[in-house]
Amino acid sequence: MKKNKIGRNQPCPCGSGKKFKKCCYGKISVDKSSNMLLPLLSEINYGSQPLLNDSFFISNRVHEISAPRLVYSNLLNPEVEQIASKLTGQLIDRGRKEAIAIEKAENTDELINLMRKGVDVLYHEMLKERLLQKKGTTVPIILNELKKPQSSQFVEISIKILYLSEIDCSNEILEILHKTNLNAYTVSLLCILLGFYGAEEYVEILWKYYHYFKDRYPNETFSDGPLIGLSEIWERKKESS
């Protein structure tokens, strides 16, 4: 599987506008190279019955810097990534062939194929915008693609498109988690999306994944995804009460 690494001199994916080497380089630790697949959701049973309260989130905190937290930040503040992409695109002239390929793509399948191959981070925004123009076609294809092994870049772009589409994909995501063996990073990011949907029934699912990641991947930050999801649900519950 092709790995899509961020070059040290490329713009930092956090949207700061700085070079990666002068920003988050060396700070984000994610075992994206691991191809080990997780068991199905029905086979995971960790932790006691979910009990969400303020004390839980005081005792269990998201890592200061992690890939899931970075993706979450981009979901909440997409305009930052858009501005950074536009500015760096004006200053850096590279990968024009990729930009032309995105512009000339005639249908969603061609754009998805570019996602599979991997495109320069400078053109992620262009790719997302084109795919969101036909979100009714794009979303089902992406959900189907997430059932297969994909690069971390593909998964990150997919999560952002699903979120920005404003289409409720919760049932499809639940089906993927129940029927597909996925890698830890993909599951971690899908957990963030479940949190945005805010249903109380998702608490147990996110709770299981949070404890599973804490137990099986103690030196990684995959647990941030389900913890962020739980936090989103908890905040919504407090606002509605």
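Keep in mind that this is a model prediction, so the values were computed, not measured. (Residues numbered from 1 in each chain as written. Predicted model: local features only at pLDDT ≥ 70, side-chain atom pairs only at ≥ 80, totals over all residues. Heavy atoms only, no water.)

Below, the discussion takes up helix α2 (residues 67-76). Counting buried positions along α2 gives seven out of ten residues, so the element sits mostly inside the fold. Regarding α2, the residues found buried are Ala67, Pro68, Leu70, Val71, Tyr72, Asn74 and Leu75. Here α2 starts with a cap whose side-chain oxygen sits 3.2 Å from the backbone nitrogen of Arg69, and that cap is Ser66. (Buried < 20%, exposed > 50% of the residue type's maximum accessible area, 1.4 Å probe, protein only. Helix = DSSP H or I, 4+ residues; strand = E, 2+ residues; numbered from the N terminus. Polar contact = N/O pair within 3.5 Å; in protein donor to acceptor, adjacent residues only side chain to side chain.)

Bringing the packing of aromatic side chains into the picture now. This structure, assessed with the given rule, holds ten aromatic pairs. With 6.1 Å between their ring centres and 20° between their planes, Tyr209 and Phe213 make a pair best called stacked. Of this pair, Tyr209 and Phe213 both sit in helix α11 (residues 203-216), four residues apart, which is roughly one turn of the helix. Ring geometry for Phe213 versus Phe222: centroids 5.9 Å apart, planes at 50°, classification tilted. Taken individually, Phe213 and Phe222 each receive the classification buried, so the pair is uniform in this respect. Cluster of aromatic residues (ring-pair linked, three or more members): Tyr209, Tyr212, Phe213, Tyr217 and Phe222. (Phe/Tyr/Trp six-rings, centres within 6.5 Å; stacked < 30°, edge-to-face > 60°.)

Counting 65 residues, the largest nonpolar core has Leu177, Tyr209 and Phe213 as the members making the most contacts within it. In terms of residues, this core owes the most to one element, helix α10 (residues 184-197), which gives ten residues. (Core = buried A, V, L, I, M, F, W, Y, C linked by side-chain atoms within 4.5 Å.)

For Ile159, the position within the fold is in helix α8 (residues 152-165). Apart from residues no more than four positions distant in its own chain, Ile159 is found in contact with Val71, Leu75, Leu189, Leu190 and Leu193. (Contact = heavy atoms within 4.5 Å.)

Let us now look at the side chain of Thr180. As for its position among the elements, Thr180 is in the loop between α9 (170-179) and α10. Here Thr180 falls in the buried class, since its relative accessible area comes to 14%.

Interhelical geometry of α10 versus helix α12 (residues 224-240) gives an angle of 5° and a closest axis separation of 7 Å. Relative to α12, α10 is oriented roughly parallel. Across the interface between the two elements, Ser188, Cys191, Ile192, Gly195 and Phe196 of α10 pack against Gly225, Pro226, Ile228, Gly229, Glu232, Ile233 and Arg236 of α12. Class assignment for the residues of the contact of α10 with α12 results in six nonpolar, four polar and two charged. (Axes fitted to C-alpha atoms, helices over the stretch in contact; angles between N-to-C directions. Parallel < 35°, antiparallel > 145°, perpendicular 65-115°, else oblique. Nonpolar A, V, L, I, M, F, W, Y, C, P; charged D, E, K, R; others polar.)

For the rest of this paragraph, the subject is the pattern of salt bridges. Across all of its chains, the model carries nine salt bridges by this definition. Glu200 is the salt-bridge partner of Lys237, the closest N and O atoms lying 3.9 Å from each other. Highlighted residues: Lys237 in helix α12 and Glu200 in the loop between α10 and α11, separated in sequence by 37 residues. On the accessibility criterion, Glu200 (48% relative accessible area) is partly exposed. (Salt bridge = Lys/Arg side-chain N within 4 Å of Asp/Glu carboxyl O.)

What follows deals with the confidence of the model for the protein. The share of residues in the protein with pLDDT of 70 or more is 78%, and the mean pLDDT across the chain is 84. Element-level mean pLDDT values for the protein span from 56 in helix α3 (residues 78-91) up to 97 in helix α7 (residues 135-145). (pLDDT = per-residue confidence, 0-100.)

Moving on, we come to the packing of α7 against α8. Where α7 contacts α8, the two axes come as close as 10 Å, and the packing angle between them is 140°. Taken together, the axes of α7 and α8 are oblique relative to one another. Our pair here, α7 against α8, has a crossing hand that is left-handed. Of α8, the residues touching α7 (which contributes Lys135, Thr138, Val139, Ile142, Leu143 and Glu145) are Phe154, Ser158, Ile161, Leu162 and Ser165. Looking at the contact of α7 with α8 residue by residue, the class counts come to six nonpolar, three polar and two charged. (Left-handed = near helix turned anticlockwise from the far one by under 90°.)

So, about unusual backbone geometry. Its identity is not glycine, yet Glu166 carries a phi of approximately 60°, on the positive side. Locating Glu166 in the fold gives a position in the loop between α8 and α9.

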